[in-house]
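The residues making up each chain are set out below.
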Amino acid sequence: QKEVEQNSGPLSVPEGAIASLNCTYSDRGSQSFFWYRQYSGKSPELIMFIYSNGDKEDGRFTAQLNKASQYVSLLIRDSQPSDSATYLCAVWVGGFQKLVFGTGTRFLVSP
Amino acid sequence: DVKVTQSSRYLVKRTGEKVFLECVQDMDHENMFWYRQDPGLGLRLIYFSYDVKMKEKGDIPEGYSVSREKKERFSLILESASTNQTSMYLCASSLTTVRSGNTIYFGEGSWLTVV
């Protein structure tokens, strides 16, 4: 079992739609969770982090964490074509001092 | 603004050559990381360092070595480049513990092609 799993997609939505990107992780000791956005040919950029169960909102983005079920999701409201990118879920495994990434979900927003 | 600079953005090297990828960060971060990213495999950790002259193997250290002589600089070395090391290499840095927003900041990446 991979440590961090994401559906590779692509997840395609029309402009203005709500989209949910999901991620599951295997290590129950994981402490912090991150969502990175990566445009083609560019390096990842952080868009959200969350470490407590529940929701965390930042503009059009909401991160949701459920530690009991070991999943974290990213909700994107009012999707824009500029949101089209690969979204990487990352989990900080404190015991090993490393950030483990999923393979990413390709997200496409059509005008 | 945190700045992580990878000096070589695009390199083409021959099989068997020794390759150095340099990374410098300007935020006095303790931790530095080298990842490689390949289609369908995501980001995989090669090596990381949590202090000067300290290094730890990541998930795929074979064929690589690292050097951290100064806090701000972390070098990735391919002793004898092979074609399966063609990839994008990402350097990153962070504060001591990555939690609660003390996140990892990435450089712009180095695209290495080994022919």
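Presented here is an overview of the structure given in this document. As the structure is a prediction and not an experimental result, all values here were calculated from the model.

1. Regarding the interface of chain B and chain A
Counting residues at the interface gives 25 residues for chain B, matched by 20 residues for chain A. A buried area of about 1700 Å², summed over both sides, lies between chain B and chain A, and 60% of it is on carbon and sulfur atoms. Linking chain B with chain A are zero salt bridges. Seen at the junction of chain B and chain A, the total is four residue pairs in polar contact (both at pLDDT 80 or more). Looking at the side of chain B that touches chain A, the elements that each hand over two or more residues are strand S5 (31-38), strand S6 (42-49) and strand S10 (87-94) of chain B. Of the residues in the side of chain B that touches chain A, the class split is twelve nonpolar, ten polar and three charged.

2. Thoughts on the sheet that holds strand S8 (residues 71-76) of chain A
What links the strands of a sheet is backbone hydrogen bonding, and the strands pair in either a parallel or an antiparallel sense. All names here are of chain A. The strand order across the open sheet formed by five strands is S1-S3-S8-S7-S6, and the pairing between neighbours is antiparallel. Strands with a single pairing partner mark the edges of an open sheet, and in this sheet they are strand S1 (4-6) and strand S6 (54-58). Ignoring which end each strand starts from, the neighbouring axes of this sheet average 20° apart. For S1 and strand S3 (residues 19-25), the ladder comprises three bridges, and the chain directions are antiparallel. Note that in S3 the partner of Glu5 across the bridge is Thr24.

3. Looking at the environment of Leu75 of chain A
Residue and element names in this part refer to chain A. Residue placement: Leu75 occurs in strand S8. Leu75 gets classed as partly exposed once you look at its relative accessible area, which sits at 22%. Between the C-alpha atom of Leu75 and that of Thr62, which follows or precedes it by 13 residues, the distance is 5.0 Å. The contact partners of Leu75, leaving out residues within four places of it in the chain, are Ile18, Ala19, Ser20, Arg60, Phe61 and Thr62.

4. Focus on the side chain of Gln85 of chain B
All names here are of chain B. Within the secondary structure, Gln85 sits in the loop between strand S9 (73-78) and S10. Classification of Gln85 by relative accessible area gives buried; the value is 5%. Apart from the residues within four sequence positions on either side, Gln85 is in contact with Arg36, Gly63, Tyr64, Leu78, Ser80, Leu112 and Val114.

5. Here we look at the packing of aromatic side chains
Geometry of an aromatic ring pair is reported as the spacing of the ring centres plus the angle between the planes. Summed over the entire model, instances satisfying the criterion amount to twelve aromatic pairs over all chains. Their ring planes at 75° and their centres at 5.8 Å tell us that Tyr87 of chain A and Phe107 of chain A sit as a pair that is edge-to-face. Here Tyr87 of chain A is found in strand S9 (residues 85-93), whereas its partner Phe107 of chain A is found in strand S11 (residues 105-110), with 20 residues between them in sequence. For the ring pair Phe101 of chain A and Tyr35 of chain B, a centre distance of 5.5 Å and an interplane angle of 90° mean the geometry is edge-to-face. Within this pair, whereas Phe101 of chain A is found in strand S10 (residues 98-101), its partner Tyr35 of chain B is found in strand S5, the two belonging to separate chains. Assigned by exposure class, Phe101 of chain A and Tyr35 of chain B land together as buried. Following the ring pairs from residue to residue traces out a cluster consisting of Tyr36 and Phe101 of chain A together with Phe33, Tyr35, Phe48 and Phe106 of chain B. Taking NZ or CZ as reference, Lys56 of chain A lies 3.3 Å from the ring centre of Phe49 of chain A, over its face.

6. Things to note about the environment of Ser20 of chain A
All names here are of chain A. Here Ser20 is to be found in strand S3. Sequence spacing of Ser20 and Ile47 is 27 residues, and the spatial spacing of their C-alpha atoms is 15 Å. Discounting residues that sit within four places of it in the chain, Ser20 has contacts with Leu11, Ser73, Leu74 and Leu75. Of note is the side chain of Ser20, whose polar atom sits 3.3 Å from the side chain of Asn22.

7. Focus on the layout of surface pockets
Think of a ball as big as a water molecule: rolled over the atoms, this probe shows where empty space is left. Reported here for the largest pocket is a volume of approximately 410 Å³. If you trace the largest pocket, you find 22 residues lining it, with Gln38 and Thr86 of chain A together with Gln37, Asp38 and Pro39 of chain B closest to the centre. For the lining of the largest pocket, the secondary-structure elements that each account for two or more residues are S9 and S11 of chain A together with S5 and S10 of chain B. Of all the elements, S11 of chain A adds the most residues to the lining of the largest pocket, at three residues. Among the residues making up the lining of the largest pocket, the classes are represented as eight nonpolar, eleven polar and three charged.

Criteria and thresholds
Residues numbered from 1 in each chain as written. Chains lettered and ligands numbered in written order. Predicted model: local features only at pLDDT ≥ 70, side-chain atom pairs only at ≥ 80, totals over all residues. Heavy atoms only, no water. Contact = heavy atoms within 4.5 Å. Buried area = accessible area lost by both parts, 1.4 Å probe. Salt bridge = Lys/Arg side-chain N within 4 Å of Asp/Glu carboxyl O. Polar contact = N/O pair within 3.5 Å; in protein donor to acceptor, adjacent residues only side chain to side chain. Helix = DSSP H or I, 4+ residues; strand = E, 2+ residues; numbered from the N terminus. Nonpolar A, V, L, I, M, F, W, Y, C, P; charged D, E, K, R; others polar. Pairing = 2+ DSSP bridges. Axes fitted to C-alpha atoms, helices over the stretch in contact; angles between N-to-C directions. Buried < 20%, exposed > 50% of the residue type's maximum accessible area, 1.4 Å probe, protein only. Phe/Tyr/Trp six-rings, centres within 6.5 Å; stacked < 30°, edge-to-face > 60°. Lys NZ or Arg CZ within 6 Å of the ring centre and 35° of its normal. 1 Å grid on protein atoms, 1.4 Å probe; cavity = no way out; pocket = protein on both sides within 12 Å on 5 of 7 lines; lining within 4 Å. Points joined across faces, edges and corners; volume = space filled by probe spheres on them.

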